[in-house]
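Remarks on the overall topology
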Amino acid sequence: MAAIVIKDFVKRYDTIEAVKGINLSVEKGGLFGLIGPDGAGKTTLMRAVCTLLLPDKGSIHVNGFDTKKDFAQIRSIIGYMPQRFSLYQDLTVAQNLKFFADLFQVPLDEQEIRLAELYQFSRLEPFKNRLAGKLSGGMKQKLALSCALIHTPEILVLDEPTFGVDPVSRDEFWKILHTIREKGTTILVSTAYMDEANLCDRVALFFDGKIQITDKPDNLRAQYKYPLFQIKVKELNPMIDLFNSVKEVHTIQKFGDALHISFYEIPDEGRWENWKNEAEDNLLSREQIEPSIEDIFLEMMESMDE
Amino acid sequence: MSNSVYAVETTDLTRRFGKFIAVDKVSLNVHKGEIFGFLGANGAGKTTLIRMLSGILAPSSGQANVAGYNIYDQTEQIKKNIGYMSQKFSLYDDLTIAENIDFFGGIYGLSARILEERKAALLQKVGLADFSNRLTRDLPLGFKQRLALGSSLLHDPPIIFLDEPTSGVDPKARRSFWDLIYDTCEMGKTVFVTTHFMDEAEYCHRVSILRDGQIIALDNPRALKKKYGKSSMQEVFVHIVKEKDLE
Ligand SMILES: Nc1ncnc2c1ncn2[C@@H]1O[C@H](COP(=O)(O)OP(=O)(O)OP(=O)(O)O)[C@@H](O)[C@H]1O
Ligand SMILES: [Mg+2]
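These lines cover the structure that appears in this document, whether it is placed above or below. (Residues numbered from 1 in each chain as written. Chains lettered and ligands numbered in written order. Predicted model: local features only at pLDDT ≥ 70, side-chain atom pairs only at ≥ 80, totals over all residues. Heavy atoms only, no water.)

1. A look at the nonpolar core
Stated precisely, the cut-off is as follows: The definition of a nonpolar core used throughout is a set of buried Ala, Val, Leu, Ile, Met, Phe, Trp, Tyr and Cys residues joined through side-chain atoms within 4.5 Å. Only protein chains enter the calculation, and the probe is 1.4 Å; a residue is then buried if its accessible area is under 20% of its type maximum, exposed if over 50%, and partly exposed in between. Strands here are runs of E lasting at least two residues and helices are runs of H or I lasting at least four, both read from the DSSP assignment and numbered beginning at the N terminus.
Core analysis: the largest hydrophobic core is formed by 63 residues, its most contacted members being Phe243(A), Ile35(B), Leu147(B) and Leu162(B). Sort the elements by how many residues they give to this core and helix α6 (residues 171-186) of chain B lands first, with six residues. In this structure, Tyr119(A), Leu156(A), Phe207(A) and Ile213(A) belong to the second largest nonpolar core, which totals 49 residues.

2. Some thoughts on the interface of chain B and chain A
We count it as follows: In this analysis, two residues are considered to be in contact whenever any of their non-hydrogen atoms come within 4.5 Å of each other. Simply put, the buried area is the total loss of 1.4 Å probe accessible area from both parts when two parts are fitted together. Salt bridge, as used here, is a side-chain nitrogen of Lys or Arg placed within 4 Å of a carboxyl oxygen of Asp or Glu. Identification of polar contacts relies on pairs of N or O atoms within 3.5 Å, with a donor-acceptor requirement for protein atoms, meaning one able to donate a hydrogen and the other able to accept it, and with residues adjacent in sequence counted only if both atoms are side-chain atoms. Put simply, Ala, Val, Leu, Ile, Met, Phe, Trp, Tyr, Cys and Pro go in the nonpolar bin, Asp, Glu, Lys and Arg in the charged bin, and everything else, Gly too, in the polar bin.
Taken together, the contact pairs 35 residues of chain B with 38 residues of chain A. Carbon and sulfur atoms make up 54% of the area that chain B and chain A hide from each other, which totals about 2,800 Å². Along the contact surface separating chain B from chain A lie three salt bridges. Along the contact surface separating chain B from chain A lie 12 residue pairs in polar contact (both at pLDDT 80 or more). For the side of chain B that touches chain A, the leading source of residues is helix α9 (residues 233-246) of chain B, giving six residues. Here the side of chain B that touches chain A is composed, by residue class, of 13 nonpolar, nine polar and 13 charged.

3. Some remarks on the environment of Gly127(B)
Residue and element names in this part refer to chain B. Note on placement: Gly127 falls in the loop between α4 (112-125) and α5 (141-151). Given a relative accessible area of 42%, Gly127 falls into the partly exposed group. Placed 16 residues apart in sequence, Gly127 and Phe143 show a C-alpha to C-alpha distance of 8.5 Å.

4. What about the site of ligand 1?
So the rule is basically this: When we say a residue is near a molecule or strand, we mean one of its heavy atoms is within 4 Å of it. The method behind every accessible area is Shrake-Rupley, applied with a 1.4 Å probe, and residues are considered shielded solely by the protein chains displayed.
Taken together, 21 residues form the shell around ligand 1, and within it Arg130(A), Ser136(A), Gly138(A), Thr47(B) and Thr48(B) come nearest. In this structure, ligand 1 sits where chains A and B come together, each supplying nearby residues. Relative to its unbound accessible surface of 640 Å², ligand 1 loses 89% to contact with the protein. When its residues are assigned to classes, the shell around ligand 1 shows seven nonpolar, 10 polar and four charged.

5. Re the sheet that holds strand β11 (residues 228-233) of chain A
Residues and elements named next belong to chain A. Test applied: Whether two strands pair comes down to DSSP finding at least two bridges between them. Simply put, an axis is a line fit to the C-alpha atoms, just over the touching stretch for a helix, and the angle between two N-to-C directions goes from 0 to 180 degrees.
Strand order in the open sheet made by the four strands is β12-β13-β11-β14, with antiparallel pairing throughout. Each edge of the open sheet is held by one strand with a lone partner, namely β12 (249-255) and β14 (283-288). Geometrically, the sheet is characterised by an average inter-axis angle of 20 degrees between neighbouring strands, direction not taken into account. Pairing between β11 and strand β13 (residues 258-263): five bridges, direction antiparallel. Paired with Gln230 across the two strands is His260, which belongs to β13. Contacting β11, β12, β13 and β14, helix α9 (residues 236-244) crosses the sheet at an angle of about 170 degrees to β12.

6. A short note on the packing of aromatic side chains
For any pair of aromatic rings, geometry is given as the distance between the ring centres together with the angle between the planes. The condition that has to hold: Aromatic pairing here means that ring centres of Phe, Tyr or Trp (its six-membered ring) are within 6.5 Å. Orientation follows from the plane angle: under 30 degrees is stacked, over 60 is edge-to-face, and everything else is tilted.
For the structure shown, the criterion picks out 28 aromatic pairs over all chains. Between Tyr224(A) and Tyr226(A), the aromatic rings sit 6.1 Å apart at their centres with planes inclined by 75 degrees, giving edge-to-face as the arrangement. Both residues of the pair, Tyr224(A) and Tyr226(A), count as buried. Ring plane angle 35 degrees and centroid distance 6.4 Å describe the contact between Phe104(B) and Tyr108(B), whose orientation is recorded as tilted. A relative accessible area of 24% places Tyr108(B) in the partly exposed class.

7. Description of the pattern of salt bridges
Within this structure, the stated rule accounts for 32 salt bridges over all chains. Between Lys98(A) and Asp102(A) there is a salt bridge, with its nearest N and O atoms 3.5 Å apart. Residue Lys98(A) and its partner Asp102(A) are both found in helix α3 (residues 93-103); the two are separated by four residues, about one turn of the helix. Note that Asp171(A) is salt-bridged to Lys175(A), the shortest N-O span being 3.6 Å. Linking Asp171(A) with Lys175(A), this pair stays in helix α6 (residues 167-182), spanning four residues, or about one helical turn. What emerges from the salt-bridge pattern is a single network uniting Glu294(A), Arg174(B), Arg175(B), Asp199(B) and Glu200(B).

Here you go:
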């Protein structure tokens, strides 16, 4: 059975349609990721699932309850962490956690187990007596996340939970999400980190108020049509200039110290030899690679621009 | 600006909050025109360091010169010679785009003529020329951040501090933001930037990795990868953060 069912959902702000007719269903116990550019409507959708705003058209059901009528029932089974959630700045780290644990009526023995887990991810234990207001930006975010994860709701909605969170903690956070999911919780999460999309069961690519595709991350990646090469170089910009004038090239994207170049067709060895010579010693290596979700995302944005 | 080849020089720069040491004897020299990255786990001290270098927060001890001015008694000059984009706040959501630019122009004391000129150029550059009367709130984050960067450059400072400018920004908008960073650098400015996206670390000329307020590593990305025997800055970062856990 689906835990969240969204049918023809439309939301307008003034005259602007922020969400333009969405159909989506999230399986019970699923870990569902929403990715898309800022302003695409992800937050609007998540707020609507949490009954915080009503659809102008269409419907949303959560565990069979209608967000238009049954908001009390929905709110009792849903946990929501909004974007840029702020805590009680004048309570300490430990007091904030305790406050939310009691609010959600988490039994004491369970509180202890969960706290240990959350402290490990957040690395906040040494700072448990510090006021929340005095934490760094990412530490605040991790505390807010810990407060949201201290109980185990049936449905968990997290809007950009890893905003400003460092790479090591992000990794540990996703491990916790997986253990929560294993307990049966359904999770809906949005993110700007494309590597996190890989960690979801299913992902929706959300652009311009509409869902373009929904699928398993592997299937999304399989949609990429072009042969893709990762090219390691000494200097990125001269190499971009070089490939910009090559007619077989479809797109060029920077990926850290490498370029991802997609071609209309696989270039033959002779072409590579030419480019290597032209680049002098700037081209260090090349390798045909599988596209990542970030490649898919960028490709999608390119094709929307056209 | 001074004759020194360095935009920023610090020696044993330290900041305590009570007994806690947030920035611990940081010594670094940053060249004019460099893109210099600060990496580090949450709470490592990046923002505290930037706030000191921007003349906003007084150090507890140590020395620093920013744009040739002393960090203890020339903070007013420092503020005129730097741009600062903070991690939390960059623009007023309830002002229009044009009003935000005017506001920053006002803070920096630009004449009306110069402000109008720079405003027009900035709006053009970030692709918002036709939207200047829109509320800033309605802008996608990627645009907001580019506008904020432009606004903090209105007074043409030689140094700019960017604290997590791309957090929450999507992959395409992040790439456009970095194009702007490169433009800024080509104008001869020194750019300090913090990020939790490790691909962006690769775009810096040099990066320093902070842990518990101390600089653990400082070099160009290629040298750091070589030193730690890793193939990406992501791996270098994880190694340095976790190294501490093993102690
Ligand atoms: N006013 C304050 N009082 C007490 N401690 C503080 C204060 N300001 C900062 N700190 C502490 O100093 C440390 C460094 O904070 P800082 O904001 O510099 O970290 P950061 O590296 O910018 O982290 P993030 O990646 O999360 O932004 C943290 O432990 C923080 O709690
Ligand atoms: Mg910070």
